[in-house]
Every structure is written in structure tokens, then in C-alpha cells.
Amino acid sequence: MSPIARVLGLSLGWLLASMPALAQDDRDAAVRAEFMQQIDALDAMPSPQAGSATGVASEALRQYVLYPYLEAQRLRAPLRFGLPADDAAIAALLLRDGDAPSARDLRRDWLRDLARRRSSALFLQHYSEPRADAGLRCERLNALFATQAAGTPDEPLRKAVLDVWMTGAQLPDACVAAFDQARTRGWLTPTLNQQRARLALEAGNADLAEFLLRSVPADAAPTLRAWAALLRNPERELDALTAAGPAALAAQAPEALAAVISKLGRRDPAGTATRLDRLVAACGTPCPLASPATPGELRREVALGAAWSRLPITVAAFKQVDEAVVDERAHEWRVRAALWAGDWTLAQRWLAAMPPALAEQPRWRYWRARAEARQDAGNALSRSLYQALAAENGFYSVLAAHQLGQPYAPTPIAAARDATLQQQLASRPGMQRARELWRAGRNAWSSLEWGEELKSLSRDELIQAARLAQTWGAQAQTVTAASKAQVFDDFELLYPRPFERDVDAAARLSGVPSNWIYAVMRQESLYDPRARSRADALGLLQMLLGTARDTARRQQQPLPGADDLFDPSINTRLGALHLRELLQRYDQRFVLVLGAYNAGPKPVARWQPSAAALDADVWIENVPYNETRSYIQRVIWHSVVFGWRGDGQPQRAGALLKPITPAAVASGADAR
């Protein structure tokens, strides 16, 4: 056979072999499109009369793996308009599908409707405790009271009531009727009221505690009443306790004092420190306060509050804390306070006092190296610590390389590949539903299906599940599975560059590096163009509509609607322009931009250094919001990885770690 014939033969063979697969892809796309059209029509249905707009399902759609979602949504539709539900059809679907993700919204809404209609027997038949919220748990109690047969034992119902009732949280109005019946039967006794009042006080809920204590004799539970008064007016009550002396302090619940001092210490650390000094002086020797409110523990809470506000008294406050009561929070925050104050000798001493398991974390190994270097620039120990960290992966590895004056390259560790196992996983119905839901743009449902599937997988299966999701372009599912398998360093798997044309165009327009845009995108939405937060932040860069429209006006861009922000090209363009504006506000300090992007400009203004410039790493370490500190560190790490993935070269972090000046923070806070 000639070479041309061989090529033609191979091409024809490939085409013939591929035709069934291509035809199947076309059929999948067609039925998926029909599903999307009908379920979108249900979502957009403006009135109950429009129900027929969803049309009749084709035979292919009825056989489609996602058809149960369409069935459930059709049965939910009348509930949106307060119309009669098809109880028989819903019951049949729930009996068939059980706790499948496709049925959960329907079950919840139908149970609420059954409770409204007082269809107690049907409610109890289909009630599902694992998925019930507080309202449904209360409606279950109402149904149990309504269906209790004469002569049946009370104890199971009493136990069910107490299981719901014994909480420090405020319960919904749906509970009122059941609790009234329980009181009539004598189940909610004054003793139980006191027990629940204590739970409420431990949760900081003075209103609920005082309501419960109304049913307790006036001379009973004096400690709980004093606790509630402390929560209601902590400054006045602490001053009164101080004036009353040791006997009054001894009668106070120690956990109440600890909670109130901790609360006040966050709100007014300096004033609380003064109050605490007076209280301890009035306490006498020996002080009657008992754990968890010993004077030392109370001083610890005040010192933590001062650290979170970066007050000048912070270091002195931590020095007053007994070593015996220094917990993990205090170990960490007293080192941070010393760093903020520029007291490297003290930071070194407090680092040396950390428990070994804490001290060996990359964070504290890095700060040990920094403290050693500040004491002696040529310190061999600091250099060896930096070098060891720079050979690892993570935010503190980037910082270590920066301190060495070296560019940084991550060390990729590829996870295993197993095509056979991936095929086996792909054949599972739950995986198929997760994939089709992703392709249909129903990402929240896809994540539910995916989460259910991951519960039963081994580590090897989780890794291949992550690779399987990668083939769909479902990065949220990829990262979820990889994280559960403890895979963090396979950068090809975890750091793709989708929407590259849009991101590159946004970078050229804004001047913001593409790896910075990708880093924010990955942290904000995990590449999901349909992402929507609880605060209604939308799309890849999680923009609020108001912010996007304001940015568009200032930058002479078309004004977007909410749906426009689900378009990757629009979202990345406006998001990048917004980042440019923030960079201009904050004097090109990307660290401050990230703080404002996550927490807002007002907190960033509160976190400004007092007078002198502060190293970026010290400023980041002292961000008091755990979420925001972690956010900044992760986005910087993502930026370095994306830069390295983009050009294959080790990255320098200097542009990401410019010193923080008071002027830079203030200019950002004042901008509108």
C-alpha cells in the first residue's frame, strides 16, 4: 500500500470509527438544549398560567439523566404561586428518588406547604431530618402534636420537643404553638428554663435568656440574671462589681466575666485594660475568680483585643499575661504584635516559646528566619531556614525567596493518572448528572451531585475524579476533589488558564497583569462564570452590579446589566478596570487592593500603620480578619503560580510586596 493510501485508509477508518461518537455528542447536545430550554422557562415563568410554556418532553428528554430535575421543578412550580400542589405526584417522586439532590428543593418547599395546610400525616410521612431547617423541625413538632393518638405515651413527643427547644439560639415563630402545648403539659419546667437560659447566655443572647427567666421565681437563678445584666450593659455592671468587692465577684459566673471581657476587649481594648486592672485590684488576695475567668485569662483576652486593633498598649498587655494561660491564639498574636511594633528581639523570644507543632508551621519558620536575620544580617541559621522554605510550595516560600533576593519557582508534584479508573468513575450516574448539570449551566446543582459522589470515594478515586472534572472544564469540582485528596501541588491540574483571550484583552486594556487577574478569579469564583455569592457578587471576578456600573461609567464602558456580568468578556474587562482603579487608589500596593477587594476600604483604613512604612509581610501577618489575611496570602500565591505557568520562568515577588505606607492606605480609604 502506498503512503497516500495508508493515510487515506487511516483517515477513513478514524472517521468511520468516530461517527457513532460524533452522533452521540450531537444527540447529547440536542437533549441538553431541550432540558435547558424547559428548565429555564420554568425559572422565568411569570405566572401560574404560563406553566404550559415549558412544553412536552420528547422521548429523548424523558430518558435523559437530568430528567428528574425537570420533573421536580415542574412539581415545584405551583408552590411558587400558592397553588394546590399535586400531592400524589410529589409523594411518588420523593418515594422514587429519596434524598437525591434533584428532589431536595421540592421536598423542602412541599413540606412547608403541607405544614401551612396542616396536612400533618403526609408531612410526617415525607419529613427528612438531615435536610430540615429549624422551621421544619418546629413544624414536625406541630404535626406530631396534631397526630398523637389518644392513650399513646407522651415521652417520645416530650423528647422530640426538648431536642428542638434546648438551644441558645432564637427559634422561629413556627415553634410557638408546639412550645405552648408543651408548657400546658408541664414539660418546660422552671429548671429546664434555667438550663436553656444558660445556653442562651453562653451564646450571647441576653434577650432570650431574660425571656426564659421570667418564668423562674424572682429569687432563683441570681447568677444567670447577673450574667444577663452583664451582657446588657457590660461597662456599668463591671464597674458595679468592682465597687462591690470580692464577695460580688465570687458570686459572678466566671464564664460570664470571660465572655464580657472578651467582648469589651474587642470593642474598647484600652478602656477594658483599665477596667480589668481595677477589677483585679478589687478582687483581693487570693482572688476568688475561677477558670475560665482567672485574672490571667482575662488579661489574655484584653491583649488579644488590643492586638486586633493594633493598639500601642498591645505588647505591654501581652507581657502581663501569665505563660500558663498563653493559648495558641495568644502565642500567634503576641508574635504578630511584636512584629508590628518592630521589636524583633521580643518576637524572637516569643517565637522560641511556641509549642513545637505550632513553631514548625511554614508561617512561624519564616518569621523565625526573619527575626534571626534582623538580629544578624549574615546569620547562617536564617539563611538555612529561608532556603528550606524556598524549596517548598506556598505563600511563605515566596516570601522566603524574596528575602534571599531570588526569584521563586514552584515545585510541581503531579498526581497520578489512571484512565481506566476515570472511565469507571465517568460511568457512575451521579458523575454523569454532575457533568451534565455543569454543561447545562446549573453549577450549584452540579456541585451538590459532585459532593454526594465524593463522599464514598477513596483517595485514588478522588484524584481521578479531579482529573475527570478537569476534562469538563469544571474547575470548582476539580479543586474540591483534589483538596479532599490532599493534592495541592499539581499545578497543571489546579491552575488552568481558561478564558485566556478575554483575560489577555482585559490585561491589555487595564494594564493589570494577567496573572493578577487570574489569581483574583481563581480565589473569587474558581473560574465559574455563573458564580453568584450571597451578597449578589456576580461572575468570574465576583463583581457587585453597582460596582460594575460605576466602573463602567468612569471608564467609558457600556453599562452592564446583571446578566452581562455572567459574560466572561464583560466581567473580566470591568473587573480588571476595577482592579486598576484600586491600584491607583492604593498607590500600586496590590496587597492593599486585595484587602479592600475582600473586606472593603474601611477596614483597610483601620489597619494602616501609624507613621512609618511597614514591610508588606508584617502588614499582611497583622490583618485581624482571618478570612482576609488568608485571602491576601492565597491570591499572592496564585499570582506567582500563574506567572510561572504563563512564561515558565521563576517569578520575583517585589511588585506584589511593596512596603505599606500610611499615605497609601489613607488615599484608598478616602477614595469614592
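Rules and cut-offs
- Residues numbered from 1 in each chain as written.
- Predicted model: local features only at pLDDT ≥ 70, side-chain atom pairs only at ≥ 80, totals over all residues.
- Heavy atoms only, no water.
- Salt bridge = Lys/Arg side-chain N within 4 Å of Asp/Glu carboxyl O.
- Helix = DSSP H or I, 4+ residues; strand = E, 2+ residues; numbered from the N terminus.
- Buried < 20%, exposed > 50% of the residue type's maximum accessible area, 1.4 Å probe, protein only.
- Phe/Tyr/Trp six-rings, centres within 6.5 Å; stacked < 30°, edge-to-face > 60°.
- Axes fitted to C-alpha atoms, helices over the stretch in contact; angles between N-to-C directions.
- Parallel < 35°, antiparallel > 145°, perpendicular 65-115°, else oblique.
- Left-handed = near helix turned anticlockwise from the far one by under 90°.
- Contact = heavy atoms within 4.5 Å.
- Nonpolar A, V, L, I, M, F, W, Y, C, P; charged D, E, K, R; others polar.
- Disulfide = S-S within 2.5 Å.

Draft legend 1. Spatial organisation of the pattern of salt bridges. One pass over the structure, following the stated rule, counts 55 salt bridges. A salt bridge links Arg118 to Glu139; its shortest N-O distance comes to 4.0 Å. Placement of Arg118 in the loop between helix H5 (101–117) and helix H6 (120–126) and of Glu139 in helix H7 (residues 134–147) is noted, with a sequence separation of 21 residues between them. Accessibility expressed as a relative area gives 56% for Arg118, which makes it exposed. Assessed through its relative accessible area of 17%, Glu139 is described here as buried. Its salt-bridge partner being Asp327, residue Arg300 comes within 3.8 Å of it at the nearest N-O pair.

Draft legend 2. Geometry of the packing of aromatic side chains. All chains considered together, the criterion is met by 21 aromatic pairs. On the basis of an interplanar angle of 90° and a centroid distance of 6.3 Å, the ring pair of Trp308 and Trp333 is categorised as edge-to-face. Here Trp333 lies in helix H19 (residues 328–341) and Trp308 lies in helix H17 (residues 295–308), a separation of 25 residues in the sequence. The exposure classification of Trp308 matches that of Trp333, with both residues buried. Grouping aromatic residues by their ring pairs yields a cluster made of Tyr408, Phe491, Tyr495, Tyr518, Trp637, Phe642 and Trp644.

Draft legend 3. Examining the packing of helix H34 (residues 568–585) against helix H35 (residues 590–599) more closely. Remark: H34 packs on H35, axes separated minimally by 9 Å, with the N-to-C direction vectors making an angle of 120°. As the angle between them shows, H34 and H35 are arranged oblique. For H34 against H35, the interelement crossing comes out right-handed. Judged by residue contacts, His578, Leu579, Leu582 and Leu583 of H34 engage Phe590, Val593 and Tyr597 from H35. Here the residues of the contact of H34 with H35 sort into 6 nonpolar, 1 polar and no charged.

Draft legend 4. Structural context of the side chain of Ser514. Relative to the assigned elements, Ser514 resides in helix H32 (residues 514–525). Residue Ser514 is classed as buried on the basis of its relative accessible area of 19%. Leaving out residues up to four positions away in the same chain, Ser514 has contacts with Arg497, Val503, Asp504 and Ala507.

Draft legend 5. A look at the state of the cysteines. Inspection of the entire model under this criterion finds 1 disulfide. Sulfur-sulfur distance for the disulfide between Cys138 and Cys175 comes to 1.5 Å. Of this pair, Cys138 sits in helix H7 while Cys175 sits in the loop between helix H8 (155–165) and helix H9 (176–184), and the two are 37 residues apart along the sequence. Considered together, Cys138 and Cys175 belong to a single accessibility category, that of buried residues.

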